[in-house]
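Structural overview for review
The lines below spell out each chain.
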Amino acid sequence: MLKFLSIAASLTLAASPAVAAPQENDKAVSDANKVVCKRVAGTGWRLSSTKVCRTKAEWAAQAQAERESLKNDRDTMSNSPGGGN
């Protein structure tokens, strides 16, 4: 969880350009801090789901972390003997 929050914080900082006009910068920060709720499917029972609310920056950080994890798994599989077939 701590890693996730640090990624979210770094994405929030990286998302706001340093040279942008104050109004644009405020809007970008407010968009990144906007809370978005989604239904997330649970494991186990096929109909189970929970409502998860996070900021846009947190959702973006989680998506990036998942993409990196999948890429690492794919790279590991293709580099292992007999893998990637």
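Before reading on, note that the structure itself is shown above.
Predicted, not measured: the structure shown is a model, and the values here were computed from it.

Turning our eyes to something else, we now look at the pattern of salt bridges. Within this structure, the stated rule accounts for 1 salt bridge. Two residues, Lys-71 and Asp-75, come together in a salt bridge whose shortest N-O distance is 3.0 Å. One end of the pair, Lys-71, and the other, Asp-75, are both in helix H3 (residues 56-79), 4 residues apart, so they sit about a helical turn from each other.

A separate point is the state of the cysteines. Within this structure, the stated rule accounts for 1 disulfide. Paired through a disulfide, Cys-37 and Cys-53 show a sulfur-sulfur distance of 1.9 Å. Across the S-S bond of Cys-37 and Cys-53 the torsion is about 110°, and the bridge reads as right-handed. You can see Cys-37 sitting in strand S1 (residues 35-41) and its partner Cys-53 sitting in strand S2 (residues 49-55), a full 16 residues away along the chain. Overall, Cys-53 belongs to the partly exposed group, its relative accessible area being 43%.

Here we take up the environment of Lys-34. Tracing the chain through its elements places Lys-34 in the loop between helix H2 (22-32) and S1. On the accessibility criterion, Lys-34 (47% relative accessible area) is partly exposed. Lys-34 sits 20 residues away from Arg-54 along the chain, and the two C-alpha atoms are 8.2 Å apart. Ignoring anything within four residues of it in the chain, the contact list for Lys-34 reads Arg-54, Thr-55 and Lys-56.

We now examine H3. Over its 24 residues, H3 extends 35 Å from the first C-alpha to the last, a length consistent with the 34 Å expected when each residue adds 1.5 Å. Turning to H3, its buried residues are Ala-57, Trp-59 and Ala-61.

Below, the discussion takes up the environment of Lys-38. Structurally, Lys-38 is set in strand S1. Taking the C-alpha atoms as reference points, Lys-38 and Ser-49, 11 residues apart in sequence, are found 9.8 Å from one another. Not counting residues up to four positions away in its chain, the partners in contact with Lys-38 are Thr-50, Lys-51, Val-52 and Trp-59.

Procedures and definitions
- Residues numbered from 1 in each chain as written.
- Predicted model: local features only at pLDDT ≥ 70, side-chain atom pairs only at ≥ 80, totals over all residues.
- Heavy atoms only, no water.
- Salt bridge = Lys/Arg side-chain N within 4 Å of Asp/Glu carboxyl O.
- Helix = DSSP H or I, 4+ residues; strand = E, 2+ residues; numbered from the N terminus.
- Disulfide = S-S within 2.5 Å.
- Buried < 20%, exposed > 50% of the residue type's maximum accessible area, 1.4 Å probe, protein only.
- Contact = heavy atoms within 4.5 Å.
- Expected span 1.5 Å × (residues − 1).

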